[in-house]
Amino acid sequence: MPNKIIALLLMITLYSSSALRAETLEEKKPNNDSVAVQEQPDFATDDAGKAAQDLPFAKTPEGWTDSLRAALNKARAENKYILALFTGSDWCHYCTQLKKEVFSTPEFQAWADKNVVKLYLDFPKYHQLPEQTKAQNVALFQRFGIQGFPTALFFTPQGQALTTIGYLPGGGANWIKQVEMLLPKTLKVEKSLTVAMKDSAANDIPLLLGIYDSKAKSAPVAKDNIDQTFSSPDLLLPSGKEIVLSKIDYSKLTPTQKKMLSSVSTSKAFPKYILLSSKRDAIYSSEQSHLQPAELAQKISSYLIKPEYDGKWLQDYSEGLKLARLYNKPLLLFFTGSDWCGYCEQMQKNIFKTEEFAKKSKDYILVELDFPRGFELPENIRMQNDVVMNAFNIEGFPTIVLESSNGMPIGGFGYTASQSVSDFFETIEKSLEQ
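So, how was this worked out
Residues numbered from 1 in each chain as written. Predicted model: local features only at pLDDT ≥ 70, side-chain atom pairs only at ≥ 80, totals over all residues. Heavy atoms only, no water. Helix = DSSP H or I, 4+ residues; strand = E, 2+ residues; numbered from the N terminus. Contact = heavy atoms within 4.5 Å. Areas by Shrake-Rupley, 256 points an atom, 1.4 Å probe, with all protein chains shown as cover. Salt bridge = Lys/Arg side-chain N within 4 Å of Asp/Glu carboxyl O. Buried < 20%, exposed > 50% of the residue type's maximum accessible area, 1.4 Å probe, protein only. Pairing = 2+ DSSP bridges. Core = buried A, V, L, I, M, F, W, Y, C linked by side-chain atoms within 4.5 Å. Disulfide = S-S within 2.5 Å. Phe/Tyr/Trp six-rings, centres within 6.5 Å; stacked < 30°, edge-to-face > 60°. Lys NZ or Arg CZ within 6 Å of the ring centre and 35° of its normal. pLDDT = per-residue confidence, 0-100.

So, on to the overall build of the protein. Per the secondary structure count, the protein includes 16 helices and 15 strands. At a minimum sequence separation of 6, the contacts of the protein that also span at least 24 residues come to 76%. Looking at the protein as shown, the accessible area adds up to about 20900 Å², and 49% of this sits on carbon and sulfur atoms.

On to the pattern of salt bridges, then. A side chain of one charge can pair with a side chain of the opposite charge if their charged atoms are brought near each other. Counted according to the given criterion, the structure contains 5 salt bridges. Note that Arg 382 and Glu 379 form a salt bridge whose closest N and O atoms lie 2.8 Å from each other. Of this pair, Arg 382 and Glu 379 both sit in helix α15 (residues 379–391), separated by 3 residues, roughly a single helical turn. We classify Arg 382 as buried; its relative accessible area is 15%. In this structure Glu 379 comes out as partly exposed when scored by relative accessible area, which is 46%. Residues Glu 426 and Lys 430 are paired through a salt bridge, measuring 3.6 Å at the closest nitrogen-oxygen approach. Placement of the pair is Glu 426 and Lys 430 together in helix α16 (residues 421–433), with a separation of 4 residues, close to one helical turn. Here Glu 426 falls in the partly exposed class, since its relative accessible area comes to 39%. A relative accessible area of 47% places Lys 430 in the partly exposed class. One continuous salt-bridge network, built from bridges that share partners, spans Glu 379, Arg 382 and Asp 386.

In terms of burial, strand β4 (residues 151–155) is a largely internal element, 5 of the 5 residues being buried. Burial along β4 is two-sided: the face carrying Thr 151, Leu 153 and Phe 155 and the face carrying Ala 152 and Phe 154 are both buried. By the bridge criterion, 5 bridges tie strand β2 (residues 81–87) to β4 in an arrangement that is antiparallel. In the sheet register, Ala 84 faces β4, and the bridge partner there is Leu 153.

Residues Leu 333, Phe 335, Phe 397 and Phe 424 are the most contacted members of the largest nonpolar core, which totals 43 residues. Looking at this core, the elements that each hand over two or more residues are α6 (171–182), α12 (317–327), β11 (331–336), α13 (342–352), β12 (365–370), α15, β14 (399–403) and α16. Grouped together as the second largest cluster of nonpolar side chains are 22 residues, Trp 111, Ala 152, Ile 165 and Trp 175 included.

Turning next to the state of the cysteines. On inspection of all chains with the given rule, the structure shows 2 disulfides. Between the sulfur of Cys 92 and that of Cys 95 lies a disulfide, 2.4 Å long from S to S. Disulfide Cys 92 to Cys 95: torsion about the S-S bond roughly 80 degrees, handedness right-handed. Each member of the pair, Cys 92 as well as Cys 95, carries the same accessibility label: buried.

For the coordinates displayed, the defined rule picks out 29 aromatic pairs. When the centroid spacing of 5.6 Å and the interplanar angle of 35 degrees are considered together, the rings of Phe 357 and Phe 425 count as tilted. Within this pair, whereas Phe 357 is found in helix α14 (residues 355–360), its partner Phe 425 is found in helix α16, the two being separated by 68 residues in sequence. For the pair Phe 357 and Phe 425, one class covers both residues: buried. Aromatic pair Phe 413 and Phe 424: ring centres 5.5 Å apart, planes at 70 degrees, arrangement edge-to-face. One end of the pair, Phe 413, is in strand β15 (residues 409–413); the other, Phe 424, is in helix α16, with 11 residues separating them in the sequence. Taking relative accessible area as the criterion, Phe 424 reaches 0% and is therefore assigned buried. Put simply, the rings of Trp 313, Phe 334, Phe 352, Phe 357, Tyr 364, Phe 413, Phe 424 and Phe 425 touch in pairs and so form one group of aromatic residues. One residue, Arg 373, lies across the ring of Trp 340, its end atom 3.5 Å from the ring centre.

The buried fraction of β2 is high, at 7 of 7 residues. Alternating residues of β2 divide into Tyr 81, Leu 83, Leu 85 and Thr 87 and Ile 82, Ala 84 and Phe 86, and every residue in both groups is buried. Note: β2 against strand β3 (residues 116–122), 7 bridges, orientation parallel. For Ile 82, the partnering residue across the bridge sits in β3 and is Val 117.

This part is about the confidence of the model for the protein. Of the residues in the protein, 81% reach a pLDDT of 70 or more, and the chain-wide mean stands at 81. With pLDDT under 50 throughout, residues 24–35 is counted as low confidence; its partners more than four residues away or in other chains account for 32 contacts. Throughout residues 45–49 the model reports pLDDT below 50, and contacts reaching past four residues in sequence, or to other chains, amount to 5 contacts.

Shown next, in the form of structure tokens:
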């Protein structure tokens, strides 16, 4: 599992084409409440007057773990994301600010307890770490390509990178709000059949029941099978997380609930899986007898209806990322200043509005992130665009970012006046090959 996580690519420094410099953001930089700040690590400035063994040991904050293995095990067991914090606890000013303004607040603590497992990856200068912990942190720092402190990386227990973010002023509530713009909603396992059905109906999304009988001898095995199925990436990612999960103890159901389930599946073998529509119509039912959890999850996901995508430019980055996962297509992000950037207008006219682009772009999910000057975007879109721009270190317009369906940045480039549609896609294809 750690080897899969090592493969994650977290950050990428984007550039505009050298042949034609992109127009700078000038006064249209994001507002001060959404600017992410990081400090560059410098591991060569340890206090030369002290031997490393004479330094006191750094402490892991309460509620955090410094073990990747422990974080993975806990995240899988609780079906939560992992928040990996790369920090310099005793020298990094913005790390201290992030701890004080965000991580120490009741808002963050309540949110984190519900949504994430916290992994603390420290790089102190005036404290020492156990050798095994230090080696782990350095390896993750190098292989992840971390470029500054603090960096908070979110990923799934299956090793699927979701997003990164640094220090943002504005307190815990603001930090959480902007993280949630980039972070897919956590898939929760509801233990109440009544609540699960209400959630399914209210959101018009399917409900997957994993049923076991706590009075049966096979209960531990059945419960473990359900946990593995519910946490399988074959279910979580292809489904786009548009599904309600409910782990049900059959022995605790009411007679009415048992009667309702028996109308869908008469088998008394456990574990049992039932996939219902939001209107309680049976879509699929199965006893877990021969399929492995990942195989069953993949089979169930094949019954889920994917939302349609018409190939047009989206404004909602989260929606684009969800569609990219559903259809296993790369995201093509277009950062633009639609009403003031001349090169952006040229790119629209010469590339994006051509028939050739319309044909070739069917293999991608298109998302436009606009930064206009003459009109206002909806508040949620404006803030989203600021956050995504910070996440990718965008410094000029137009900029194209290519992002894989699993959330990994692939490459970025600008625009040249001589660029044709064929040149454009050739650049993209080279990025994909690399």
